[in-house]
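Residues per chain are reported as follows:
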Amino acid sequence: MIGLISATAAGAGARDRLAAAWPDRTRVYEGPVADAVRTAFAECEQLVCFLATGAVVRLIAPLLGDKRTDPGVVCVDEGGRFAVSLVGGHGGGANELAVEVGELLAAQPVVTTATDAVGMPGLDTLGFPVEGDVAGVSRALLDGEPVALEAETAWPLPPLRVSEHGGAYVIRVTDRAVEPAAREVVLRPPSLVVGVGASKGAPVDEVLGLVESAVRDAGLSLASVARLATVDAKSGEPGIVEAARRLGVPLVTYSAEELAAVDVPNPSGAPLAAVGTPSVAEAAALVDGGELLVPKRKSERADGQPAMATCAVVRRVARGRLAVVGLGPGARDLVTPRAKAELRRAAVLVGLDQYVDQIRDLLRPGTVVLESGLGAEEERARTAVAEARKGQAVALIGSGDAGVYAMASPALAEASDDIDVVGVPGVTAALAAAAILGAPLGHDHVSISLSDLHTPWEVIDRRVRAAAEADIVVTFYNPRSRGRDWQLPKALAILAEHREPGTPVGVVRNASRPDESSRLTTLAALDPATVDMMTVVTVGNTATRDIAGRMVTPRGYRWQASRTAQASREVAK
């Protein structure tokens, strides 16, 4: 919960805007400011104070305890010009909150945390449990001192300024239970899966104690346990459910059939009779592959009664991460926050050179950029997947939405299930053009590429005819180039067989970019020679109209019919 505190009418106005935008995330604290701050500090994960920074510093100073547990505090001036991350930039999430508040209130976020100020990810913000000399190693990275990266598992990390030749400071990535040395930070990757089986009514202390002892006895860190796994029949077993809750990890379950298909070293007749699979603990841990570090192990009971729990520990295969990112049509403010976050998370960026140039300033220092020219889509897709298979965090970029005539298709055709793939949607050229034209996509619509470089014209012809016959609004991508000048006239002629010459047609070139241009014409008047590859052409259906210079397709034919009837009545009068 985010506590909101203000002292003046101006501050209360901005406070109320935030509360209205985030009704489920915020709580307004009224009354004397000092009392409100104390109460919110004790009850909330984060605070936004619409007060002077000096006043907030004095109010929260006596309340500060540990930066790992204190709430993050953002201070917004009463003029609403700045959102200052004051306390808990990383641990309390104040840096991210300042950016969010800034976007909502049109205020400038102010982040002074050293790593964020220079674009370097904080070691305590990577999403992994972290131990050791975080401040010392971070300072060494900031000062350009050599820092070694010793990764025992190739887990995807954002770009870090590490030395290839070692150094006095070390970042170690390991799931082993090692104590950090001086000048060392240990990152705990989520690499361990613990399979668990239990008899009905098994006490949580017995289940949890078995898991903890199995992990520790193997010389492993509990901080690297990613999840507990079991059979579907045990999904509601209280001891297992509570053990997962106390460990702070998800509980995943599999059907008996899935587990029975997993080859395990220690099958047994007891679970086969009870739940339909010869193994629960080992099979549940191994279902996604990996290295069995702790074979099936039973709990030990002080009263000498039979064990009620079993477990097995597996180190899962490190998986690289591929984010396929849509950058939108070109304008910076149409690049989504999620896309920006993925760009900053990536250690490797793969993309068309002209798209890389658009967002190069958003990348963190040290990001490896692999760029190429036009016509190398399949090569870029193969490169991105290959880098992810090395265990890297990779971003593959495309314009508009990466899944629309862009890089998602070739990338996913190349990728298998050995890497994690994340799709990041973007604003398409069709949507950007539609917003400029008015509302041409108010009813059913379709996008068709007129490029026959990868699709035979016979196929494109059939699709255009189907859209024409179905009276669907059509947006043409790749409408005309110097080497392809007959496809657009042919497509327009097909549409003209089913639509009136006066059907509105919108033409937008370089939508959302500085040299954007647009015009509204008709099916009969459009000159294909004025169109190029940077243009999107939108042809209306029989209901589309030019209303006050805007292209509008009604949401339904009934609405259009009622307008026509009304117009007829007006004429009759």
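Residues numbered from 1 in each chain as written. Predicted model: local features only at pLDDT ≥ 70, side-chain atom pairs only at ≥ 80, totals over all residues. Heavy atoms only, no water.

Draft legend 1. Highlighting the sheet that holds strand S12 (residues 225-231). Ordered in space as S13-S12-S11-S15-S14, the 5 strands form an open sheet in which the pairing is mixed. Taken across any chain shown, the strands that pair with only one partner, and hence form the sheet edges, are strand S13 (251-254) and strand S14 (291-298). Strand-to-strand twist in this sheet, taken as the mean axis angle between neighbours without regard to direction, amounts to 25 degrees. Contacts from helix H7 (residues 204-217) reach strand S11 (192-198), S12, S14 and strand S15 (309-315) within the one sheet, and its direction differs from that of S15 by about 35 degrees. Where helix H8 (residues 238-247) meets the sheet, it contacts S11, S12 and S13, and its direction lies at approximately 175 degrees from that of S12. (Pairing = 2+ DSSP bridges. Helix = DSSP H or I, 4+ residues; strand = E, 2+ residues; numbered from the N terminus. Axes fitted to C-alpha atoms, helices over the stretch in contact; angles between N-to-C directions. Contact = heavy atoms within 4.5 Å.)

Draft legend 2. Broad picture of the packing of aromatic side chains. Under the defined criterion, the tally for this structure stands at 2 aromatic pairs. Seen in terms of ring centroids, Tyr 405 and Tyr 477 are 4.7 Å apart; in terms of plane orientation they differ by 50 degrees. Their pairing is tilted. Of this pair, Tyr 405 sits in the loop between strand S19 (393-398) and helix H15 (408-414) while Tyr 477 is found in strand S23 (residues 473-477), placing the two residues 72 residues apart along the sequence. The exposure class of Tyr 405 is partly exposed, given its relative accessible area of 44%. (Phe/Tyr/Trp six-rings, centres within 6.5 Å; stacked < 30°, edge-to-face > 60°. Buried < 20%, exposed > 50% of the residue type's maximum accessible area, 1.4 Å probe, protein only.)

Draft legend 3. Looking closely at the nonpolar core. Counting residues in hydrophobic clusters, the biggest one holds 24 residues, and the most contacted among them are Val 194, Val 196, Val 207, Leu 228 and Val 313. Within the residue set of this core, elements represented by two or more residues are S11, H7, S12, H8 and S15. With 7 residues, H7 is the single largest residue contributor to this core. Beyond its immediate sequence surroundings of up to four residues, Val 196 is in contact with Val 207, Val 211, Leu 228, Ala 229, Thr 230, Ile 240, Val 280, Ala 281, Thr 310 and Cys 311. (Core = buried A, V, L, I, M, F, W, Y, C linked by side-chain atoms within 4.5 Å.)

Draft legend 4. Molecular detail of the pattern of salt bridges. Within this structure, the stated rule accounts for 29 salt bridges. For Glu 100, the salt bridge is made with Arg 25, and the minimal N-O distance between the two is 3.1 Å. With Glu 100 in helix H4 (residues 94-105) and Arg 25 in the loop between helix H1 (9-21) and strand S2 (26-28), the pair connects residues that are 75 residues apart, well separated along the chain. Relative accessible area serves as the criterion here: at 32%, Glu 100 is assigned to the partly exposed category. Note that Asp 361 and Arg 332 form a salt bridge whose closest N and O atoms lie 2.8 Å from each other. Of the two residues, Asp 361 is situated in the loop between helix H13 (353-359) and strand S18 (368-372) and Arg 332 in the loop between strand S16 (321-326) and helix H12 (337-345); the sequence distance between them amounts to 29 residues. Taking relative accessible area as the criterion, Arg 332 reaches 32% and is therefore assigned partly exposed. Beyond isolated ion pairs, a larger network of salt bridges with shared partners links Asp 205, Glu 242, Arg 245 and Arg 246. (Salt bridge = Lys/Arg side-chain N within 4 Å of Asp/Glu carboxyl O.)

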